[in-house]
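# Examining the three-dimensional arrangement
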Amino acid sequence: PRIERLLRVYLGLVLVSACVGGSAWYLSGAGLGKSLQVFISVLVVSCPCALGLALPLADELVIAKLRRLGLFVRSSDLWSRLSGVDRIVFDKTGTLTLEVPELLGRPLDALTVDELGALSALVADSLHPVGKSLRESLAGRGSFSPADGQVCELVGSGVEFVGGDGRRWSLGKAGWATGVTGDADCVFAADGETIAEFHFREALRPKTREELAGLRSGGREIFILSGDRIGKVKRLASELGLPEENCLGGLDPEQKAAWVRRDGQGAGTLFVGDGANDSLAFEEAAVRATPAIDLGVLERKSDFYFLGRGLGAIRAVFAATAKRRSAVRAVAIFAISYNLIAVGLCFAGLMNPLLAAVLMPLSSIATLVIIGTRLRTI
């Protein structure tokens, strides 16, 4: 739609210029033949290729090259919004870290058959990294069956259900269902009483520190917003070389969204998240990205998503945006210069329709060559 509007404006200007040029020659007494030569030459020589061909080609080339890097663009206006991004906000678990953390120790060994069945029901359809890890750990234990019950999720806190025996089973943050805080990553409880505490070891995505350092060197500030315990987030900040004040923990979905929205900062924010607890913050950010395409939670809301274990795609999309901007600027300079010179020659009576018909396709080829050359390497 934006290109279509620009094309309409451009064509209007060309038509006005042709009428002005032809009329000026006619009124000067040059005769109808010369006036028509000027009029037709302006219409023929003026080339909208920079708008109609070169810009769509630039977008296609950039998107294709990013796709080969494992990054997939979903929004056609991504480039203009990315240009205004001056800070990048990451969720922690499953975004900066790998999708499935490792369960520490053997806490499942102490659970009864009924407890294992209830826990299995709680994590059966979980999309959260902790739920995935517990589901994998429960696999192969054939001495129990998942309990029956409708699991209800409280986004940012945990999941629960009421079993056939009337007991309320829950799995979530320490202090959520039991009211007792602690250093556990996750607490399994029944009727508000702790049954088991789970601790996990998270592994950072490969070269995360290097990728964040590269993004910071590009002039963008890095933040972490996490629902995890503040202590874990601060330790991660130290490991990644980030200022502690930029890394916040213990946030629920509404607090994440409020932080992104604060003082209008969302207009310059790229938010990278992976779960339902990031959905509200996603809506407040100018640009949205996710590495989690198999969950169906944020993929539909994202402007781009990326595959692979690392975060290199994020730096790649900023580099591609800069390359595209440079290519578009070069084409715009060429197109403006060409049209001013060509129309000037028409107004001076030095251009005829035949020459104009030769120059116009040559200028089209030139704009395409400029785009191809500028975007050869991304």
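A brief report on the enclosed structure follows. (Residues numbered from 1 in each chain as written. Predicted model: local features only at pLDDT ≥ 70, side-chain atom pairs only at ≥ 80, totals over all residues. Heavy atoms only, no water.)

Right, let's get into helix H2 (residues 32-45). Between its first and last C-alpha, H2 extends 20 Å over 14 residues, near the 20 Å set by a 1.5 Å rise per residue. What H2 keeps buried is the set Ser-35, Val-38, Ser-41, Val-42 and Val-45. Taken down its axis, H2 places every buried residue within 135° of arc, on the same side. In H2, those exposed residues whose orientation departs by more than 90 degrees from the buried face are Leu-32 and Gly-33. (Helix = DSSP H or I, 4+ residues; strand = E, 2+ residues; numbered from the N terminus. Expected span 1.5 Å × (residues − 1). Buried < 20%, exposed > 50% of the residue type's maximum accessible area, 1.4 Å probe, protein only. Arc of directions from axis to C-beta.)

Looking now at helix H9 (residues 253-261). Among the residues of H9, Pro-253, Lys-256, Ala-257, Trp-259 and Val-260 are the ones counted as buried. Seen from one end, H9 has its buried residues packed into an arc of 160°, which puts them on one side. Those residues of H9 hidden inside the fold are in contact with strand S2 (87-90), strand S10 (221-225), strand S11 (247-248), strand S12 (269-272) and helix H10 (279-284). Looking one or two residues beyond H9, the residue adopting positive phi is Asp-263, at roughly 55°. (Contact = heavy atoms within 4.5 Å.)

This part covers the layout of surface pockets. Estimated volume of the largest pocket: approximately 960 Å³. In terms of lining residues, the largest pocket is bounded by 44 residues, among which His-128, Val-130, Gly-156, Ser-157 and Gly-158 are the most central. Counting residues per element, the ones that place at least two in the lining of the largest pocket are helix H5 (113-123), helix H6 (129-138), strand S4 (152-154), strand S5 (158-162) and strand S6 (168-172). No other element matches the three residues that H6 contributes to the lining of the largest pocket. Looking at the lining of the largest pocket residue by residue, the class counts come to 19 nonpolar, 15 polar and 10 charged. (1 Å grid on protein atoms, 1.4 Å probe; cavity = no way out; pocket = protein on both sides within 12 Å on 5 of 7 lines; lining within 4 Å. Points joined across faces, edges and corners; volume = space filled by probe spheres on them. Nonpolar A, V, L, I, M, F, W, Y, C, P; charged D, E, K, R; others polar.)

The subject of this paragraph is the nonpolar core. Nonpolar side chains in soluble globular proteins generally cluster together in the buried interior. With 42 residues, the main nonpolar core has Ile-88, Phe-90, Leu-270 and Ile-314 as its most contacted residues. Counting residues per element, this core draws most heavily on helix H11 (residues 312-347), which supplies eight residues. Not counting the four nearest positions on each side in its chain, Ile-88 is found in contact with Leu-215, Arg-220, Glu-221, Ile-222, Phe-223, Leu-270, Val-272, Ile-314 and Phe-318. Core analysis: the next-biggest nonpolar cluster, separate from the first, contains 23 residues, Leu-111, Ala-118, Phe-161 and Phe-198 among them. (Core = buried A, V, L, I, M, F, W, Y, C linked by side-chain atoms within 4.5 Å.)

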